[in-house]
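Descriptive structure summary
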Amino acid sequence: MARRIWIDVTGLRPGSDAGLYGLHLARALVRAGEAVQPCLRTPSLITLSVETLAETMHVPPLELTDSNRPRLTLRDQPLKSEGSPELPGPQDIVLFLSLRGDGSRMAARGAQLGLLATNVTTLSRPEWRDVREVEEAHIWLRDTAPLLGFAIAQSDESAAVLRQSGVKVFRTMRGAADGGVPDAAPAHPRPFIFASGEIGEAGQTRQLLPVWRRLLETMPEGSVPDLIIAGPLGPQSGDVLDQLANSHFIEGRARVILYPSPAQIATFARDCVFAISMSPATGWGRGTLNAQCMGASCLSAFLSHGAVPFDPENAAAVAARIRAWLVDPAVKPPLFARSWDDAARDLLRILPQ
């Protein structure tokens, strides 16, 4: 039987950056001619088709308003099984995208286990994640990490965190932008800054409110662009959503789009004055890569060629950086043309044959 690449999506929330990474990669590997088998464990093995994975990970976009805030909750993983719960065989490769689940049965059957870490913030800043996620990561490090044949990180920062936790990192490999086609219509009627990333503590969303108040109080009237925040909901997002709603979205100067579509993201990146990505360097840089794909100047907590690094935890410093770019606009960087097909080819060169 031909080799299969099993993509383990255990614990990945629908609409999350990590979940969409898995979906984009699965589709690219299929285009490359690979046999791809998405799966998750609950703890029994559940297999999904790539099409069902797409349905599972899709969450319709929703613009946050005063009226719909109370109904919002973090989306849990729905469970759908397709086909028999066959385990991977000796010729197969299993890619863990998160630090969750038990790989012992797969290893016992001779499958080659590997980590393709989409986010290691659970290890670097556990206070930003939910308790269950942190507990499962420590169990995974104890029981499954010793069985790995290889580990791939998204950045040098992620690699350092994994090494400190005892995981030997084999290589680093970048993901790619969502690849959405922008809409023809303008994204917003006024100039705006595009803040892209997970909404919650890990995405440092709460820092944007004091930043914008500081800018509105210290800069000439009419000189501060609006703010568009777009991304999936993450753990501990409730407080910042309450703050945004209670401020009436900074008195009408902010919009919040939950689970934006690739087309929306591309449109925001195309039309923004510049982008700002607050998500930590221990993720896979989705917000930064989407901005770079459309040639938008980007302040980024994720280090990437052409993006300008900054510390998102210092609200005063963030406001100073934004003010400087409003007074003296940044030079637009070259387009970052990396695709998911490029990422799949890089991965296939790394994977054991």
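Here is what the cut-offs are and how they apply
- Residues numbered from 1 in each chain as written.
- Predicted model: local features only at pLDDT ≥ 70, side-chain atom pairs only at ≥ 80, totals over all residues.
- Heavy atoms only, no water.
- Pairing = 2+ DSSP bridges.
- Helix = DSSP H or I, 4+ residues; strand = E, 2+ residues; numbered from the N terminus.
- Contact = heavy atoms within 4.5 Å.
- Axes fitted to C-alpha atoms, helices over the stretch in contact; angles between N-to-C directions.
- Domains from an automatic or database assignment.
- Buried area = accessible area lost by both parts, 1.4 Å probe.
- Salt bridge = Lys/Arg side-chain N within 4 Å of Asp/Glu carboxyl O.
- Polar contact = N/O pair within 3.5 Å; in protein donor to acceptor, adjacent residues only side chain to side chain.
- Phe/Tyr/Trp six-rings, centres within 6.5 Å; stacked < 30°, edge-to-face > 60°.
- Buried < 20%, exposed > 50% of the residue type's maximum accessible area, 1.4 Å probe, protein only.

Right, let's talk about the sheet that holds strand β2 (residues 35-41) for a bit. Pairing between the strands of a sheet is mediated by backbone hydrogen bonds and can be parallel or antiparallel. Taking strand neighbours across the sheet as the criterion, the seven strands line up as β3-β2-β1-β5-β6-β7-β8 in an open arrangement whose pairing is mixed. In this open sheet, the two strands that pair with only one neighbour each are β3 (45-47) and β8 (171-172). Pairing geometry for strand β6 (residues 112-116) and strand β7 (residues 150-153), over three bridges, is parallel. Among the inter-strand pairings, leucine 116 is bridged to a residue of β7, identified as isoleucine 152. Helix-sheet contacts for helix α1 (residues 17-31) involve β1 (4-8), β2 and β6, and the interaxial angle to β1 is about 170°. Seen against the sheet, helix α6 (residues 156-164) touches β6, β7 and β8 and runs at an angle of roughly 140° to β7.

As far as domains go, the chain holds domain 1 (4-175 + 340-350) and domain 2 (192-327). Computed over C-alpha atoms only, the centres of domain 1 and domain 2 are separated by 26 Å. Between domain 1 and domain 2, the residue contacts involve 40 residues of the former and 34 residues of the latter. Buried area between domain 1 and domain 2, summed over both chains or domains, comes out near 3100 Å², and the portion from carbon and sulfur atoms is 56%. Its salt-bridge partner being glutamate 198, residue arginine 129 comes within 3.0 Å of it at the nearest N-O pair. Applying the counting criterion to the domain 1 and domain 2 interface returns 15 residue pairs in polar contact (both at pLDDT 80 or more). Of all the secondary-structure elements, those providing two or more residues to the side of domain 1 that touches domain 2 are α1, β4 (62-63), α4 (121-124) and α6.

Bringing the packing of aromatic side chains into the picture now. If you walk through the whole model with that rule in mind, you get seven aromatic pairs. Seen in terms of ring centroids, phenylalanine 194 and phenylalanine 268 are 5.4 Å apart; in terms of plane orientation they differ by 50°. Their pairing is tilted. On the criterion of sequence distance, the pair formed by phenylalanine 194 in strand β9 (residues 192-196) and phenylalanine 268 in helix α10 (residues 262-271) is long-range, its members being 74 residues apart. Note on tryptophan 284 and tryptophan 340: the rings are 5.6 Å apart at their centroids and 70° apart in plane angle, and the pair reads as edge-to-face. A residue pair is termed long-range when its members are at least 10 positions apart, and tryptophan 284 in the loop between β12 (275-277) and α11 (286-293) and tryptophan 340 in helix α13 (residues 340-350) qualify at 56 residues. The buried category is assigned to tryptophan 284, whose relative accessible area is 2%. By relative accessible area, which is 5% here, tryptophan 340 ends up buried.

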